Amino acid sequence: MKITVAKGDGIGPEVMDAVLDIFVAAKVPLDYDLVAMGKQVALAGDVTGISPEARRSVESTGILFKGPMETPKGGGYKSVNVTARKLWGTFANKRVFRTLPDVPTAVRARNLHLTMVRENIEDTYGAVEHMQTHDVAQCRRFITRPGSEQVHRYTFEMAARKGARRVTCAHKANIMKLTDGLFLEAFYDVAKDYPQIQADDVIVDALAMRLVLAPEDFDVVVLPNLQGDILTDLAAGLVGGLAYAPSANIGDGICIFEAVHGTAPDIVGQDLANPTALLLSGTMMLRHLGLVEHAATIEGALDVTLRALHRRPDLAQPIPPLRTGRFVDTMVEALRGSRPPAPQAVERPFVPRREPVMRVTEPVPTTALVGVDVFLESSLAPAPLAEQLKALGGPLALTMISNRGTQVWPTGSPHTDCINHYRVRFEAPREVPQQALTELLARAAAAFPLCGAEWLRVIGGRRAYSLAQGQADAAA
Ligand code: NAD
């Protein structure tokens, strides 16, 4: 079996070399296609940071085992890690948090074995961003029904396989009723197919607190992308830090295995890089490939190694920092004499694809256009702005103006500070053709600098747009 390996940037080559040495000692029957990905490829002019050879290799082996890759902050090329996850459709990011023997943790020692699945493609991680005015930046957040169903189904399937009794969906659907609301709705729709597993949900801020107070209350947790990013780092803190947190990026075809941590620029080349997280990502990969016994043998040796490395001759002394070289030597020693297990069948054979798959959920309910939210730049106060806008609506009535999401017209408070960027809502009492909306936009564009527009829809008889903070629900 051949897999693709990219060592990455910073401590990437140090931890990857360590893990591959350990795989040799454990007689793992894999061949490695070493490819270039990361900072050097991006700086050489390929903004994806993925060389053509890397792309060809991953799309033929179906498995990428990678070290961390550097992302410049604020500007520069986009994250190679995120590009790889999205490009190759790895919709679920599975992270396992297990208390490891003698690894020091900030919270009191406990026996934690928590699995978190983070949606891996959508959410604000699309990074679809625009400056709407000099003062206003916007990031569009896409949550889709097919994308949510895919990650939820993977989570329930995985939970069923590992015999989990409970799956919890974390979200912020109390505030973002449509986006997080869709993620949650899809969760309970999928849960109906797994009656043997208890399905419940938790608001993400409460989850943050409960993970610190009583993490053992949770078994499997599934979250949207950004919330998952933050909460999985919190969970890493519970088991000793990023150096102990592995991850698997799961797709229908290609899968990517990597540690949760980054390139650790502060410790590069000092023999201080801890390979545990990448090693555990590697054992997740071995299990995925059916090499279950190899994975178990390595994890057994890891327990022995961590005990040995964290042993203190004198309890008053602090634990010495973990050295990469000593870690590998201890692992190799622990693996010495272990018998090579027989390889087992590959769980999911990989079939290379020729075309992207279009995902649409059926049946599609009826959709009616009933208005438009226009985003425009103006330094007028809300009342005079409304006077100018009323004439522009034609068959649509001006029903609401909001600023930063808070209604400022027809009612509002003088204590609501405004930015010179408004959302103005025009609504019709019944369905209107799209042309009525584009004509309204043309009239508005003649009077104001426009920043964008969103159609207002009723889908399946339900209003498919949010109310402004403070706006009365006319349908209620
Ligand atoms: P980081 O994870 O690289 O480092 C955070 C802290 O943890 C540092 O003090 C570091 O020394 C320590 N640390 C991390 N891994 C360790 C290990 N294996 N052994 C010992 N100590 C370890 O996070 P950062 O500093 O915020 O990011 C550095 C770079 O890595 C950035 O360019 C970032 O974009 C990138 N990054 C990449 C990935 C990825 O490849 N998937 C993930 C996170 C960050």
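Residue positions are given per chain, counting from 1 as you read along its sequence in written order. Local features in this predicted model are restricted to residues whose pLDDT is 70 or higher, and side-chain atom pairs enter the listing and the counts only when it is 80 or higher, whereas totals over whole chains, interfaces and linings include all residues. With hydrogens and water set aside, each side-chain value is computed from the structure's full complement of heavy atoms.

1. Some points on the overall build of the chain
To keep things clear, this is the line we draw: Helix and strand assignments come from DSSP, with helices taken as H or I runs of at least 4 residues and strands as E runs of at least 2, each series counted from the N terminus. The buried label goes to any residue with under 20% of its type's maximum accessible area, the exposed label to any with over 50%, and the partly exposed label to all in between, with areas taken from a 1.4 Å probe on protein chains only. Whether two residues are in contact is decided by their heavy atoms: any pair within 4.5 Å suffices. In short, Shrake-Rupley with a 1.4 Å probe defines the accessible areas, and a residue's cover is counted only from the protein chains shown. Note on charges: Lys and Arg go in the positive column, Asp and Glu in the negative column, and His and the chain ends are not counted at all. Charge coordinates come from a single atom per side chain, which is NZ of Lys, CZ of Arg, CG of Asp or CD of Glu.
A count of helical and extended segments in the chain gives 13 helices and 18 strands. Principal-axis analysis of the C-alpha atoms places the extent of the chain at approximately 85 × 45 × 45 Å. Burial statistics for the chain: of 476 residues in total, 48% are counted as buried. Pairs at least 24 apart in sequence give 75% of the contacts found in the chain among residues at least 6 apart. As displayed, the chain has an accessible area near 22,800 Å², and 55% of this comes from carbon and sulfur atoms. Within the chain, the 52 negative side-chain charges are centred at a point lying 2 Å from the centre of the 50 positive side-chain charges.

2. A closer look at the side chain of N225
Turning to its location among the elements, N225 is positioned in helix 8 (residues 225–238). For N225, a relative accessible area of 0% gives the class buried. Discounting residues that sit within four places of it in the chain, N225 has contacts with R118, E119, N120, I121, E122, D123 and Y125.

3. Let's talk about the site of the ligand
Defined as follows: We call a residue near a molecule or strand when any one of its heavy atoms sits within 4 Å of it. In protein, a polar contact requires one atom able to donate a hydrogen and another able to accept it; more generally it is a pair of N or O atoms within 3.5 Å, and residues adjacent in sequence count only if both atoms are side-chain atoms. Three residue categories are used. Nonpolar comprises Ala, Val, Leu, Ile, Met, Phe, Trp, Tyr, Cys and Pro, charged comprises Asp, Glu, Lys and Arg, and polar comprises the others, including Gly.
Near the ligand lie 22 residues; those nearest to it are N81, G262, A264, D266 and N274. For the ligand, an oxygen atom lies 2.8 Å from a polar atom in the side chain of D266. Taking 810 Å² as the accessible area of the ligand by itself, protein coverage stands at 69%. Residue classes in the shell around the ligand are distributed as 11 nonpolar, six polar and five charged.

4. A closer look at the domain arrangement of the chain
Just so we agree on the cut-off: Domain borders in the structure are assigned automatically or taken from a domain database.
Looking at the chain, the domain boundaries give domain 1 (1–88 + 264–362), domain 2 (106–238) and domain 3 (367–463). Put simply, the middle of domain 1 and the middle of domain 3, counted by C-alpha atoms, are 51 Å apart.

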